[in-house]
Amino acid sequence: MDDWHAAESNASAGFVDSSETDSSGASSPQPAPTASGQPGRNPSESHATVLIPADPGQDEPNRLASESSSSVPTPSCFEGWRPLPPRVRTVWLINEAIQCAIWLAVCGVITAICLANGWWGFWQRLIVGIAVIYAVLELVSQPLQTKYMYAFTRFRIGERDLATRKGWLFRNSTTTPYTRVQHVDTKQNPVQRRFGLTTVVVHTAADEHEIAALDTAEAERIVALITERVAVAKDDL
């Protein structure tokens, strides 16, 4: 009777006295039933997480956009553009000042000759006055012109061609294949020599193109490089 009361009290408390024996002969306790009558979950059991794969169509536009942006080639004409040495601006200013001084000197000589011979009439005054005004305005505006001319002057030594860009108000871009180059040389005026700069001149059958000013040592290396690439390009023909 006492055993029957103990079993009834255990059942009312939610415990099960029965056990199962596994294949190895060891007994394992059964989980107590829940309020709905279903067996409860053993706390030691691991919970499996189900991962829902993302819709591949959602990432497809982003993937295509990234591939298209990375697959766009960069034009070679925009690679490797190099500026001139900064002190070339001073050289340009000095050269322009010398030219303006020559213009003013010529105007002064013409004025003196006209006055000495009685030729100083309306047209002579008009021509000399326009020349003087032009020379003065050119000299005054030269710092601004030099600033923008330096900003837009570039050159590029490519594998198969030489490219130059120059000009401020009227811009000019030229690409010269090495197969058209006849020879390369340098030139240097006294002002350039004072600042250690040299101009590289590339000659073709129809024209010539200049790299306005480089360090003298660099100009020699550029001449050697262009000459070498011209020889290689013509050997490949």
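Conventions used here
- Residues numbered from 1 in each chain as written.
- Predicted model: local features only at pLDDT ≥ 70, side-chain atom pairs only at ≥ 80, totals over all residues.
- Heavy atoms only, no water.
- Helix = DSSP H or I, 4+ residues; strand = E, 2+ residues; numbered from the N terminus.
- Contact = heavy atoms within 4.5 Å.
- Salt bridge = Lys/Arg side-chain N within 4 Å of Asp/Glu carboxyl O.
- Buried < 20%, exposed > 50% of the residue type's maximum accessible area, 1.4 Å probe, protein only.
- Axes fitted to C-alpha atoms, helices over the stretch in contact; angles between N-to-C directions.
- Parallel < 35°, antiparallel > 145°, perpendicular 65-115°, else oblique.
- Nonpolar A, V, L, I, M, F, W, Y, C, P; charged D, E, K, R; others polar.
- Pairing = 2+ DSSP bridges.
- Expected span 1.5 Å × (residues − 1).
- Core = buried A, V, L, I, M, F, W, Y, C linked by side-chain atoms within 4.5 Å.
- Arc of directions from axis to C-beta.

A. The arrangement of the overall build of the chain in detail. Per the secondary structure count, the chain includes six helices and nine strands. For the chain, the proportion of contacts with a sequence separation of at least 24, taken over those separated by at least 6, is 46%.

B. Molecular detail of the pattern of salt bridges. In this structure the tally under the stated criterion is five salt bridges. Residue Arg-87 is joined to Asp-215 by a salt bridge in which the shortest nitrogen-to-oxygen separation is 2.2 Å. Pair noted here: Arg-87 is in the loop between β3 (82-83) and α3 (88-117) and Asp-215 is in strand β9 (residues 208-215), with a separation of 128 residues, a long-range link. Classification of Arg-87 by relative accessible area gives partly exposed; the value is 31%. By relative accessible area, which is 27% here, Asp-215 ends up partly exposed.

C. Structural context of the environment of Val-132. Structurally, the position occupied by Val-132 is in helix α4 (residues 122-152). On the basis of relative accessible area, Val-132 is assigned to the partly exposed category, the value being 29%. Separated by 24 residues in sequence, Val-132 and Gly-108 place their C-alpha atoms 9.2 Å apart. For Val-132, the residues in contact, after removing those within four places along its chain, are Leu-104 and Cys-107.

D. Expanded view of the packing of α3 against α4. The geometry of α3 relative to α4 is characterised by a closest axis approach of 10 Å and an angle of 175 degrees between their N-to-C directions. The angle between α3 and α4 falls in the class roughly antiparallel. Across the contact of α3 with α4, the residue classes tally to 18 nonpolar, four polar and four charged.

E. Structural detail: the sheet that holds strand β4 (residues 154-157). The strand order β3-β4-β5-β6 describes an open sheet built from four strands, whose pairing is antiparallel. Each of the sheet's edge strands pairs with one partner strand only, and the pair in question is β3 and β6 (172-177). With two bridges joining them, β3 and β4 adopt antiparallel strand pairing. Considered in β4, the bridge of Arg-82 is made with Phe-155.

F. Examining the sheet that holds β9 more closely. If you walk across this open sheet you meet the three strands as β7-β8-β9, and the pairing is antiparallel. Every interior strand has two partners, whereas the edge strands, β7 (181-187) and β9, have only one. Direction aside, the axes of adjacent strands within the sheet are offset by 20 degrees on average. Together, β7, β8 (197-204) and β9 form the strand contacts of helix α6 (residues 216-235), whose direction differs from that of β9 by roughly 145 degrees.

G. Inspection of the side chain of Thr-174 at higher detail. Mapped onto the elements of the fold, Thr-174 is located in strand β6. Residue Thr-174 is classed as buried on the basis of its relative accessible area, which comes to 17%. When sequence neighbours within four positions are dropped, the list of residues in contact with Thr-174 reads Leu-162, Ala-163, Thr-164 and His-209.

H. Main features of α3. Here α3 contains 30 residues, and its C-alpha end-to-end distance of 44 Å stays within 8% of the 44 Å for a straight helix at 1.5 Å per residue. Every buried residue of α3 is listed here: Val-88, Val-91, Trp-92, Glu-96, Cys-100, Cys-107, Thr-111 and Cys-114. In the core, the buried residues of α3 are packed alongside α4, α5 (190-195), β8 and β9. Looking at the residues trailing α3, positive phi occurs at Gly-118, about 75 degrees.

I. Summary view of the nonpolar core. Residues Leu-84, Ile-157, Ile-211, Leu-214 and Ile-226 are the most contacted members of the largest nonpolar core, which totals 24 residues. Of all the secondary structure elements, the ones that give two or more residues to this core are α3, β4, β7, β8, β9 and α6. Per-element tally for this core: the top contributor is α6, with six residues. Other than its neighbours up to four places away in sequence, Leu-84 contacts Trp-92, Tyr-150, Thr-153, Phe-155, Ile-211, Ala-212, Ala-213 and Leu-214.

J. Here's a closer look at α6. Helix length check: α6, at 20 residues, gives a terminal C-alpha distance of 29 Å against a target of 28 Å (1.5 Å per residue), a fit within 8%. Turning to α6, its buried residues number three or more, namely Glu-218, Ala-219, Ile-222, Val-223, Ile-226, Val-230 and Ala-233. Considered in projection along α6, the buried side chains sweep an arc of 140 degrees and stay on one side of the axis. Of the residues in α6, the exposed ones pointing more than 90 degrees away from the buried face are Glu-220, Arg-221, Glu-228 and Asp-235. Elements that come into contact with the buried residues of α6 comprise β3, β4, β5 (161-166), β7, β8 and β9.

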